[in-house]
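What follows is the residue order along each chain.
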Amino acid sequence: MPRTTAELLALLDLETIDDNLFRGAQQESVLPRVFGGQVAAQALVAADRTVDDSYAVHSLHSYFLQPGDTTAPIVYDVERLRDGRSFATRRVLARQHGRPIYVMTVDLQRPEEGYEHQDRMPQVPGPEESLDINAQIRGADGSFTEWDVLDFRYIGSSHDLLAPDEDRPGRQQTWLRVNEPLPDDPLLHAAAFTYASDATIMGAALSPQGISIGTRDVMVASLDHSIWFHRPFRADDWWLFDQHSPVATGGRGLVNARIFDRDGLLVASVSQEALIRRMRQGGDR
């Protein structure tokens, strides 16, 4: 996984194999499977490579089919579903070792004017007043970690720091940004945000249980992931990840998130459902 912005940009720079066919590199990782945000970001870049520059991504919807191998490159096969005057649609199938591991449908739109309204940004402490998660992860020796390409500032969750709310028991709020400046290319900011959007979102579904991602006896794995891009924004500026989990049942948890920039603009929305499974003694099946 990338530790710097330069490494993240290298990860997003796909190799063109043939028409509509691309290959994404891997980087060393301690994770047992490919990080979901990585394959989603690379798939978005692959889709964008097949459309005219006048289009910009406005939504993506995806399923994680199999755990990815962190030691093998990923091949992205893009199918052109629609090329309209206003919208273009692509389907991207990611493969490793001849098998599909991930599928994404991407819709892109030529910018146009329209009606305007949005939710109001919640009142929260700024990133400077919030808990620096990176510093907590590094510990006393200050050594770098695989998450250092992202800057996390934790505001709180239903389990701690946020005021109780019986109507919304699963909540989490976090400030995020890419830790160094990115080029001005809007695609790179959309792809970098896509990468980061999978990093903390399931915390809201775990918070009512008083547990967190990484708890040894709980298995968490993304099942699907959707993003709606409402407005262009910079992934290297702070954005608020305002997360709410309306339900967890049947071994799955659903989280919806609103993403605001520091000026209070609602710039994106994210939804994800994930497997949340209590591990059996001796390991899960």
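No experiment lies behind these values; they were computed from the predicted model shown.

Reading guide: rules and limits
Residues numbered from 1 in each chain as written. Predicted model: local features only at pLDDT ≥ 70, side-chain atom pairs only at ≥ 80, totals over all residues. Heavy atoms only, no water. Helix = DSSP H or I, 4+ residues; strand = E, 2+ residues; numbered from the N terminus. Contact = heavy atoms within 4.5 Å. Phe/Tyr/Trp six-rings, centres within 6.5 Å; stacked < 30°, edge-to-face > 60°. Lys NZ or Arg CZ within 6 Å of the ring centre and 35° of its normal. Salt bridge = Lys/Arg side-chain N within 4 Å of Asp/Glu carboxyl O. Buried < 20%, exposed > 50% of the residue type's maximum accessible area, 1.4 Å probe, protein only.

Chemist: Quick rundown of the side chain of S130? Include the residues and the values.
Modeler: Residue position: S130 is located in the loop between β6 (99-109) and β7 (131-132). When neighbours within four sequence positions are excluded, S130 is seen to be in contact with P125, R153, Y154, I155 and W175.

Chemist: Provide a residue-level description of the packing of aromatic side chains, including the pertinent values.
Modeler: Scanning the entire structure with this criterion turns up 7 aromatic pairs. Here F193 and F229 contribute two aromatic rings whose centre-to-centre distance is 6.1 Å and whose plane-to-plane angle is 75°, an arrangement assigned as edge-to-face. Taken as a pair, F193 in helix α4 (residues 186-196) and F229 in strand β10 (residues 218-229) lie far apart in primary sequence, 36 residues in all. Joined through ring pairs, the aromatic side chains of F193, F229, F233 and W239 make up one cluster. A cation over an aromatic ring shows up here: R262 above the ring of W175, its NZ or CZ 5.8 Å from the ring centre.

Chemist: I'd like a rundown of the pattern of salt bridges, residues and numbers included.
Modeler: Evaluation of the coordinates by the stated rule reveals 16 salt bridges. The residue R90 makes a salt bridge to D83 at a minimum N-O spacing of 2.8 Å. On the basis of relative accessibility, which here comes to 0%, the residue R90 falls in the buried class. Across the pair D151 and R153 runs a salt bridge whose closest N-O atoms are separated by 3.4 Å. Residues D151 and R153 agree in their burial class; the two are buried. When salt bridges that share partners are traced, they join D132, D151, R153 and R177 into one network.

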